[in-house]
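Descriptive analysis of the structure
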Amino acid sequence: MQLRADFARVSVPATSANLGPGFDCLGIALDLRDIVSVHATAGPTSIVVEGEGAGTVSEGDDNLIVRAMRVGLDHVGAPQVGVRMHCHNVIPHSRGLGSSASAVVAGLALARELIRDAEALDDHTILQLATHMEGHPDNVAPAIEGGMTVAWMGDDDAQALRFEPPASMTPTVFIPDFPLATSKARQVLPDVVPYRDAVANISRAAVLVAVMSDNARTVGSDDADISRWLFDATEDHLHQEYRRAVMEPSLALVDWLREAGVAAVVSGAGPTVMALNHVDDDMRASAQRSGWTVRSLAVSGDGIRTDRPQRPNV
Ligand SMILES: Nc1ncnc2c1ncn2[C@@H]1O[C@H](COP(=O)(O)OP(=O)(O)O)[C@@H](O)[C@H]1O
Ligand SMILES: N[C@@H](CCOP(=O)(O)O)C(=O)O
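Overview of the structure. What you are looking at is a predicted structure, and each value in this text was computed from that prediction instead of being measured.

Attention now moves to the site of ligand 1. Neighbouring residues of ligand 1: 18 residues in total, closest H93, S94, S99, S100 and T182. The contact in question runs from an oxygen atom of ligand 1 to an N or O atom on the backbone of G96, over 3.2 Å. Coverage of ligand 1 by the protein chains reaches 79% of its 560 Å² of free accessible surface. Elements that contribute at least two residues to the shell around ligand 1 include exactly α1 (64-75) and α2 (99-114). For the shell around ligand 1, the element with the highest residue contribution is α2, accounting for three residues.

Glancing now at the nonpolar core. Where a protein is soluble and globular, its nonpolar side chains tend to be buried together. V38, M69, M85, V105 and L110 are the most contacted members of the largest nonpolar core, which has 42 residues in total. Counting residues per element, the ones that place at least two in this core are β1 (7-18), β2 (22-41), β3 (46-51), α1, β4 (82-89), α2, α3 (123-134) and α4 (140-145). Element by element, the count of residues in this core is highest for α2, at ten residues. For M69, the residues in contact, after removing those within four places along its chain, are V38, V81, V83, M85, G107, L108, L110, A111 and L114. In this structure, L19, L97, M148 and L297 belong to the second largest nonpolar core, which totals 26 residues.

Any aromatic ring pair is given by two values, namely how distant the centres are and how the planes are angled relative to each other. Enumeration over the complete set of coordinates arrives at zero aromatic pairs. Residue placement shows R258 over the ring face of F231; its charged tip is 4.1 Å from the ring centre.

So, on to the site of ligand 2. Close contacts around ligand 2 come from 15 residues, with N18, D24, D138, R186 and R243 the closest. A distance of 2.5 Å separates a nitrogen atom of ligand 2 from a polar side-chain atom of D24. The separation between an oxygen atom of ligand 2 and a polar main-chain atom of G98 is 2.9 Å. Taken by itself ligand 2 offers 350 Å² of open surface, and the protein chains cover 98% of this. Looking at side-chain class alone, the shell around ligand 2 contains four nonpolar, seven polar and four charged residues.

What counts and how
Residues numbered from 1 in each chain as written. Chains lettered and ligands numbered in written order. Predicted model: local features only at pLDDT ≥ 70, side-chain atom pairs only at ≥ 80, totals over all residues. Heavy atoms only, no water. Near = heavy atom within 4 Å. Polar contact = N/O pair within 3.5 Å; in protein donor to acceptor, adjacent residues only side chain to side chain. Areas by Shrake-Rupley, 256 points an atom, 1.4 Å probe, with all protein chains shown as cover. Helix = DSSP H or I, 4+ residues; strand = E, 2+ residues; numbered from the N terminus. Core = buried A, V, L, I, M, F, W, Y, C linked by side-chain atoms within 4.5 Å. Buried < 20%, exposed > 50% of the residue type's maximum accessible area, 1.4 Å probe, protein only. Contact = heavy atoms within 4.5 Å. Phe/Tyr/Trp six-rings, centres within 6.5 Å; stacked < 30°, edge-to-face > 60°. Lys NZ or Arg CZ within 6 Å of the ring centre and 35° of its normal. Nonpolar A, V, L, I, M, F, W, Y, C, P; charged D, E, K, R; others polar.

Honestly, that's just the spatial picture; any functional story needs more than this.
Right, here's the structure in full:
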């Protein structure tokens, strides 16, 4: 496979996985984007990181975006190139907002922009490669396609359905000042769970998809507003409680918000907390006083965005 271009720029959204009961399955894209540009050069790798991760993420060939880009180029048999990369990062790292999935998807999307036959790295192929790198498909699916996604592992490959959540939905995220690596938050999960917990999660996750896809109605009721089920639909028994010990403040915040009727969940593997329905000003202010960064983020209808500027500025 030959290269088509020697410059590419893409942006990829933050994502929030699980949404409570949909462990390793449900995800939503949020309107917070990392922008990455790359020059293919003959020289050695050089990376400039601005914003999140500046001074901490690798600026060499083991940088996650570069690794993903190389996976993409290898997959299609394209030549490896020297890399001059610029990263403008706004997605917080190790906070449960899918920064690593966004980095992986950005690298693969950059590879697609550089090669002659973009179809060889279509969204389905990027979903496979990115899921393989991440280990689970729930963040990468909305990072690629935007909106809300249901992703699962088939016998051989990852699959995902995408749909548009209600236009009125603007999640609120509560971002703490402490990080938690996803790998660490996965280590505390049990190998087996009680049957009744699995059943509870299946029902909640199914209700959540119905509520979010905005075309369901309550059986035996004339009330067309099903958003009142959002609270029940975000109840989880599979991962959040098991993770309490590694993010006590996050679970305490979830408890506090839920006691007030807010449909709050741990975002991804935490430690960010996300609320799917309204959070009043007093609650926001109170959380802020306790050190949480509180932001309302619209759902991003787009996943990967590609920008083909006239004059590259790497
Ligand atoms: N934009 C990026 N560029 C390079 N590496 C990144 C980037 N974003 C995330 N990473 C890597 O992924 C790690 C965080 O991944 P993870 O623990 O899965 O948390 P999360 O994906 O929830 O933010 C960072 O410490 C960093 O090594
Ligand atoms: N299903 C995963 C989601 C991890 O999301 P992240 O944003 O924390 O990387 C999990 O719960 O481990």
